[in-house]
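In case you want the letters, here they are:
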Amino acid sequence: MSERTPLLHYRLSTSVNEQSGEHHRPKKLSTFFGVVIPTLLSMFSVVVFLRIGFVVGQCGLYQAIAMFLVAYFIISMTVLSVCAISTNGALDAGGAYYMISRALGPEFGGSLGVMFFLANVCSSALYILGLVEAIVATFGPAGSLQVLPAGYWWSLLYATGILLLCLLVCLVGAEIYAKASFIIFLVVMLVLATIFISFFAVRPRTILLPAAPPILNGTGPQPPTMANFTGFKLNTLLGNLDADYAVDYTTGTMMSFATVFAVMFNGCTGIMAGSNMSGDLKNPSYSIPRGTITAVIFTFIIYNLLSLMVACSCDRILLQRDYSFLRDINVWNPLVTVGVYSSTMSAAMSNLIGASRILYALARDDLFGTVLSPAKKTSGNGNPWVSVLLSWFLVQLVLFTGKLNTIASIVTIFFLLVYAAVDLACLALEWASAPNFRPTFRYFTWHTCVLGIVGCAVMMFLINSIYASASIAFMLLLLLLIHYLSPTSSWGYISQALIFHQVRKYLLMLDVRKDHVKFWRPQVLLMVSNPRSSVGLITFINDIKKSGLYVLGHVQLGDLDTLPSDPLQCRYDSWLSLVDHLNIKAFVNLTLADSVRHGVQHLLFISGLGGMRPNTLVLGFYDDCTPKDKLTDPALADATVPTQDPEDERPPYHFPALRASIDAKEEGNGENGKVMGPQEYVAVIADAMKMMKNVVLARYFHQFDRASTISSSPGKGALYVDVWPVNLLRPDSSSYVDTCSLFLLQLACVLNMVRAWRHARLRLFLCVEEGRSLRGSEGKLGQLLKELRIKANVYTVPWDQQVALHWQRQGEAGKRRPSRQSRREEEGLGKKGLFEEEEGDDDYQAHPPPAVRFLYLPRPPADTRRYTAYLRQLELLTKDLGPTLLIHGVTPVLTTDL
């Protein structure tokens, strides 16, 4: 049932969407009407009628063709990415925003969705200003009819009127534009046909140029007032081959390759129009790639043919000084005017509608909280009228710039940024190698995505480095804003797929056969019975891991054969929440077993991957200390427990209640209510050593509070870590250079390297017998520490009484079986006379108490019958010492080599 649930959910959600008011229209548009026509109308507007002459006149034919090649190379790479993403699943409203957000996640999607929205707003204003320019050229003082006044405020008034007309159409609904799109397309194609015919049919003529701005102080040559249409002549072509950048007569600024490219590139920014219609297409995965590619190829051919014909038949002066010259050389002048008006008007409305739909999609996804919530409102037929009004208001603000070329750079950079993001989304999906990324359009590779990204980035900074930098900074600001303020989405995060892909690759490269002691680091498996009483130990081990692997392990007793389902799956969320709120860097591994011993064996065998496997097992100590619930402690609630909804009566973490400690035994719950006995506990230690794992037993860490321990020290040197690198239970085997002793030194040094523990001082205690050279022992140990680059203070502690008692026990053991009393004395051997003497007048008593003690953990006896006595010895050894680690190392971890 669970395997069919996602498919069932998809079918149900699809049927609900089809029945909602938003999708009440049937999907009936074909490739031609749904993709080709909208894309062509978006790409044929200002450039084809008003800026072809401008591009050729400023750049020359060579550079003009080079510009078109560069521009179309960039958009072709992006078109391939659009086709790939659009054929990988169903698309919804929002076009590029929907693609980016569902591929890269809400942060990138939301920030670039805003950029795409602003690009459409500016583009709509650009088309309206181009239309006003054409109207003034025809009906203004310098035009043929001369019925309209000219000037900045008059142009603003005309632009505002045109925008109001677009607003009315958009408020009624996008259907009006959709029905008229085919008629507008026919008009544009007719005008283009007459333009091509005119180059052959119209005879050479002289054309009156628009009035130019006056020359300052009246000095210098006056600009010409007449220019020639020569027809097809070789001399005209030769004069138009090379670049000749001059002042733009509409803005008075000097032109360059970058500024001309910015104006020209606006004719290439309509490639998303088809993908935006995906919700109305019969077969989006079929129509979007074919329709978009067809429109791109068609416009590329038209632009280059027009550039060639213009260069062959028009003087350079005509191209530079009259952007409306195509009207003057047409077989019927009003046709070009009609073409300009219709195509530009349709493009302006298309961008206004597109901007409103993007804004509506952003509001519906709740990425900006309540800021955009009004934009969700729709009319009875599903038209987002509030989004239309907001988009209209922003377009009106842009119109105050007044000049078409002024905002061309901004629009171009916005679109280039969005195109680069689409390429990045496709690249991320391709590199992630997710099985569900299998688009039906396969004519792309990661190379095309990278070329598209690089091309967009280079052209952004070539056009205007200041605008490009500001746009990227604005995008990053929005990205951070959405990351910290928006709720978690269920779209899926491509970053997780990319991280998985890279981690898998590098794990395969991590060869355990190349391990070296110089690069050893602790990789810890901490067994946690109940996190409620283990907060102190969990946070302490997080400090001691030294950027190594850290796994929280837990064994739940049970038999899967007798259970209906895996009981562990529902518990991972609580454990991961614990990891988040304790702010530790750890993995979680849970297992189900018939005994704790078998569960620990499972985790030691299977935890980790490749070269990242635990080499150290950490266990809590087996004693009768009363556990304390640190997850419900009011003093720790703010730091460790998330704020709960007052109406939510569930506990913050779904961990079982703590055992009743010493009262449990009286109630018949076994060994103090524990899940295993002392015999099994020592067996776990022995198993780990057999598996060549270092073992650490942690006692009294329920008393450890990291924050108070570190903050309580008033200054440097006030925090101490004591290290006893000798087997206190076996004085006859004492050595400071065996593997286990060096392992103690290494762990203490690792702790001292952590920033929070860096001001702590290591104290190394040297146990010696009376009569031996104390200075010699200290000197040897000091030299060893110097070679190991470990900074520690060495102190000597006499232990003659322990040595004598040990040899006495050894002698008696050879003659007779030790009595019960002598066994009790032997069990307390390590404790007697050492730590108990802290109450006396010896030197150790004069030292301040440490924050943590590191003690030598001897191996468990080979005879399993002595496990209980062994555990009793450890208990007596560490009794009332405060936070203590009993450590046994089995692998070399220190070296003096480089």
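Residues numbered from 1 in each chain as written. Predicted model: local features only at pLDDT ≥ 70, side-chain atom pairs only at ≥ 80, totals over all residues. Heavy atoms only, no water.

- Going by what an unreviewed UniProt entry lists, the protein chain is known as Solute carrier family 12 member 9 and is assigned to Oncorhynchus mykiss.
- Per its UniProt entry, the protein chain bears the Subcellular location (unreviewed entry) comment "Membrane".
- According to UniProt, the comment filed for the protein chain under the heading Sequence similarities (unreviewed entry) is "Belongs to the SLC12A transporter family." (UniProt positions renumbered as here; feature names shortened; annotations may be inferred.)

**Details of the nonpolar core**
Thinking step 1. Core analysis: the biggest nonpolar cluster contains 157 residues, and Phe49, Ile75, Ile128, Phe199, Leu306 and Leu399 have the highest contact counts within it.
Thinking step 2. Among the elements that line this core, the one with the most residues is helix α3 (residues 46-86), at 23 residues.
Thinking step 3. In contact with Ile128, not counting residues within four places along its chain, are Ala159, Ile162, Leu163, Ala348, Val395 and Leu399.
Thinking step 4. Core analysis: the next-biggest nonpolar cluster, separate from the first, contains 62 residues, Ala586, Ala698, Phe704 and Ile790 among them. (Core = buried A, V, L, I, M, F, W, Y, C linked by side-chain atoms within 4.5 Å. Buried < 20%, exposed > 50% of the residue type's maximum accessible area, 1.4 Å probe, protein only. Helix = DSSP H or I, 4+ residues; strand = E, 2+ residues; numbered from the N terminus. Contact = heavy atoms within 4.5 Å.)

**Looking at the packing of aromatic side chains**
Thinking step 1. Within this structure, the stated rule accounts for 26 aromatic pairs.
Thinking step 2. With 5.6 Å between their ring centres and 85° between their planes, Phe32 and Phe185 make a pair best called edge-to-face. Note that Phe32 is positioned in helix α2 (residues 31-43) and Phe185 in helix α7 (residues 174-201), a separation of 153 residues in sequence.
Thinking step 3. A relative accessible area of 34% places Phe32 in the partly exposed class.
Thinking step 4. By relative accessible area, Phe185 is classed as buried at 9%.
Thinking step 5. On the basis of an interplanar angle of 10° and a centroid distance of 4.7 Å, the ring pair of Trp724 and Phe765 is categorised as stacked. Placement of Trp724 in strand β8 (residues 720-724) and of Phe765 in strand β9 (residues 761-768) is noted, with a sequence separation of 41 residues between them. (Phe/Tyr/Trp six-rings, centres within 6.5 Å; stacked < 30°, edge-to-face > 60°.)

**With respect to the confidence of the model for the protein chain**
Keep in mind that low pLDDT regions are not for reading the predicted coordinates in detail.
Thinking step 1. Averaged over the protein chain, the pLDDT score is 78; the fraction of residues at 70 or greater is 79%.
Thinking step 2. Per-residue pLDDT, averaged within each element of the protein chain, yields its smallest value for helix α24 (residues 663-666) (34) and its largest for strand β6 (residues 616-620) (95).
Thinking step 3. Within the model, pLDDT remains below 50 along residues 633-651, and this stretch shows 18 contacts once partners closer than five positions in the same chain are excluded.
Thinking step 4. Confidence over residues 812-844 falls short of pLDDT 50; this stretch has 56 contacts with residues more than four positions distant or in other chains. (pLDDT = per-residue confidence, 0-100.)

**Considering the environment of Lys693**
Thinking step 1. Residue placement: Lys693 occurs in the loop between α25 (678-690) and β7 (694-699).
Thinking step 2. Separated by 197 residues in the primary sequence, Lys693 and Val890 place their C-alpha atoms 6.6 Å from one another.

**Overview of the packing of α25 against helix α31 (residues 867-878)**
Thinking step 1. Across the interface, α25 lies against α31 with an axial gap of 9 Å and an inter-helix angle of 85°. If you check the angle between α25 and α31, you find them roughly perpendicular. Taking contact as the criterion, the partners of Pro678, Gln679, Tyr681, Val682, Ala683 and Ala686 in α25 are, on α31, Tyr867, Thr868, Tyr870 and Leu871.
Thinking step 2. When the residues that make up the contact of α25 with α31 are grouped by side-chain class, the tally is 8 nonpolar, 2 polar and no charged. (Axes fitted to C-alpha atoms, helices over the stretch in contact; angles between N-to-C directions. Parallel < 35°, antiparallel > 145°, perpendicular 65-115°, else oblique. Nonpolar A, V, L, I, M, F, W, Y, C, P; charged D, E, K, R; others polar.)

**Here's the deal with the pairing of β6**
Thinking step 1. For β6, the buried fraction is high: 4 of the 5 residues fall into the buried class.
Thinking step 2. Looking at chain direction, strand β3 (residues 524-527) and β6 are connected through 3 bridges and run parallel. Bridge assignment links Leu526 to a residue of β6, and that residue is Val618.
Thinking step 3. Pairing of β6 with β7 involves 5 bridges; the strand directions are parallel. Its bridge partner lying in β7, Gly620 is registered against Ala698. (Pairing = 2+ DSSP bridges.)

**Some points on the packing of helix α6 (residues 152-172) against helix α14 (residues 333-364)**
Each packed pair of helices is defined by two parameters, the angle between the axes and the distance between the axes.
Thinking step 1. Axis separation between α6 and α14 bottoms out at 10 Å; the angle between their running directions is 55°. Judged by the angle between their axes, α6 and α14 are oblique. The two elements α6 and α14 cross, and the hand of that crossing is right-handed. Between α6 and α14, the residues in contact are Ile162, Leu163, Leu165, Cys166, Leu167, Val169 and Cys170 and Met345, Ala348, Met349, Leu352 and Ile353, respectively.
Thinking step 2. Of the residues that constitute the contact of α6 with α14, the class distribution is 12 nonpolar, no polar and no charged. (Left-handed = near helix turned anticlockwise from the far one by under 90°.)

**Things to note about a nonpolar patch on the surface**
Thinking step 1. Where nonpolar side chains cluster on the molecular surface, the patch consists of Tyr152, Trp153, Phe393, Leu397 and Phe400 and spans about 570 Å² of accessible area.
Thinking step 2. Secondary structure elements with two or more residues in the nonpolar patch: α6 and α15 (385-399).
Thinking step 3. By relative accessible area, which is 40% here, Phe400 ends up partly exposed. (Patch = residues over 30% accessible without salt bridge, like charges linked within 9 Å, V, L, I, M, F, W, Y side chains within 5 Å. Areas by Shrake-Rupley, 256 points an atom, 1.4 Å probe, with all protein chains shown as cover. Salt bridge = Lys/Arg side-chain N within 4 Å of Asp/Glu carboxyl O.)

**Overview of helix α19 (residues 494-509)**
Each turn of an α-helix holds 3.6 residues, which means side chains three or four residues apart point in the same direction.
Thinking step 1. Between its first and last C-alpha, α19 extends 23 Å over 16 residues, near the 22 Å set by a 1.5 Å rise per residue.
Thinking step 2. Among all positions in α19, only Ile494, His501 and Leu507 are buried. (Expected span 1.5 Å × (residues − 1).)

**Notes on the side chain of Thr236**
Thinking step 1. Inspection of the secondary structure puts Thr236 in helix α8 (residues 234-239).
Thinking step 2. There is a polar contact of 2.8 Å between the side chain of Thr236 and the side chain of Thr230.
Thinking step 3. Look past the residues within four positions of Thr236 in its chain and what remains in contact with it is Thr230, Ala311, Cys312, Ser313, Cys314 and Asp315. (Polar contact = N/O pair within 3.5 Å; in protein donor to acceptor, adjacent residues only side chain to side chain.)

**A word on the side chain of Asp543**
Thinking step 1. Relative to the helices and strands, Asp543 is located in helix α20 (residues 535-544).
Thinking step 2. A relative accessible area of 7% means that Asp543 is categorised as buried.

**Section: empty space enclosed by the protein**
Thinking step 1. Scanning the entire structure with this criterion turns up 4 cavities of 30 Å³ or more.
Thinking step 2. As a volume, the largest cavity reaches approximately 80 Å³.
Thinking step 3. Considering the residues around the largest cavity, the lining is formed by Phe49, Leu50, Ala134, Ala137, Thr138, Ser324, Leu326, Arg327, Val336, Thr337, Val340 and Tyr341.
Thinking step 4. The set of elements that each furnish at least two residues to the lining of the largest cavity consists of α3, α5 (106-139), α13 (325-328) and α14.
Thinking step 5. The element that contributes the greatest number of residues to the lining of the largest cavity is α14, accounting for 4 residues.
Thinking step 6. Class assignment of the residues belonging to the lining of the largest cavity gives a composition of 8 nonpolar, 3 polar and 1 charged. (1 Å grid on protein atoms, 1.4 Å probe; cavity = no way out; pocket = protein on both sides within 12 Å on 5 of 7 lines; lining within 4 Å. Points joined across faces, edges and corners; volume = space filled by probe spheres on them.)

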